[in-house]
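# Structure assessment
The chain contents come next:
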Amino acid sequence: MPRILNLEDILIRTEVKPGDIGYIIHLHGDMYKKEYNYGIEFEVYVAEGLVEFYRKYNKEYDKVWICEHQNKIIGFLLSEHRGDAAQFRYFIILPEYRGIGLGNKLMELFLQHIKNKNYKSAYLWTTKELVTASHLYKKYGFELSEEKKSDAFGKFVIEQRYHLHLS
């Protein structure tokens, strides 16, 4: 009988190591092609964004959460400083690691970080077809604030912006 995976089996680290950025880009390109038929344009978008993030990285305000299981990256999230707001970006969890509470854990770590840094708000961009992710965002107080048509990911999508106001 296979062993049941628990959240405690996952290591979450906040240090970027050599190879991480390329691997995170690969995970996005591969998974989003398989699950949503996104094209190479999406992978390029992720690559450009991660390179920009790393070049401007400010450890005082920016943060990454890299999830590993048995020395393999299986999830990722970053918080990027945008003035008095934090941008929630590149959230990904491999399918076989969903349903164990890792998404909730990452959301809680993100919210703890932005509250500790006294951000006034946070926002994220996603697409309308990512229904499960949108449900998670709403659960933690994010509200849909904008929609726009896009073909930037190699196919037609409705991009959605979610915003979270902090008191």
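These figures come from a predicted structure and were not determined experimentally. (Residues numbered from 1 in each chain as written. Predicted model: local features only at pLDDT ≥ 70, side-chain atom pairs only at ≥ 80, totals over all residues. Heavy atoms only, no water.)

### Focus on the nonpolar core
Counting residues in each nonpolar core, the largest one holds 50 residues, and the members touching the most others are Phe76, Leu106, Phe110, Ile114 and Phe142. Element by element, the count of residues in this core is highest for helix 3 (residues 102–116), at seven residues. Every residue in contact with Ile114, bar those within four places of it in the chain, is listed here: Ser79, Ala86, Tyr119, Ala122, Leu164 and Leu166. (Core = buried A, V, L, I, M, F, W, Y, C linked by side-chain atoms within 4.5 Å. Buried < 20%, exposed > 50% of the residue type's maximum accessible area, 1.4 Å probe, protein only. Helix = DSSP H or I, 4+ residues; strand = E, 2+ residues; numbered from the N terminus. Contact = heavy atoms within 4.5 Å.)

### Section: the environment of Glu8
Turning to its location among the elements, Glu8 is positioned in the segment before strand 1 (11–13). Exposure remark for Glu8: the relative accessible area of 69% places this residue in the exposed category. Spatially, the C-alpha atom of Glu8 lies 9.9 Å from that of His69, the residues being 61 residues apart in sequence.

### Focus: the pairing of strand 2 (residues 63–69)
By the criterion of burial, strand 2 is predominantly enclosed, with six of the seven residues buried. Bridge analysis of strand 1 against strand 2 gives three bridges, and the strand direction is antiparallel. Within the sheet, the bridge partner assigned to Arg13 lies in strand 2 and is Ile66. Connecting strand 2 to the next strand, strand 3 (residues 72–82), in antiparallel fashion are two residues, including Gln70 with a positive phi near 50°. (Pairing = 2+ DSSP bridges.)

### Overview of the sheet that holds strand 5 (residues 121–127)
Spatial ordering of the open sheet is given by 1-2-3-4-5-7-6, a layout of seven strands whose pairing is mixed. Looking along the sheet, the strands with just one partner apiece sit at the ends: strand 1 and strand 6 (143–150). On average, each strand axis in the sheet is tilted by 20° relative to the strand beside it, whichever way the strands run. Relative to strand 5, strand 4 (residues 85–93) runs parallel, the two being bridged by four bridges. Along strand 5, the bridge assignment pairs Ala85 with Ser121. The sheet strands contacting helix 1 (residues 20–36) are strand 1, strand 2, strand 3 and strand 4, and the helix crosses strand 4 at an angle near 65°. (Axes fitted to C-alpha atoms, helices over the stretch in contact; angles between N-to-C directions.)

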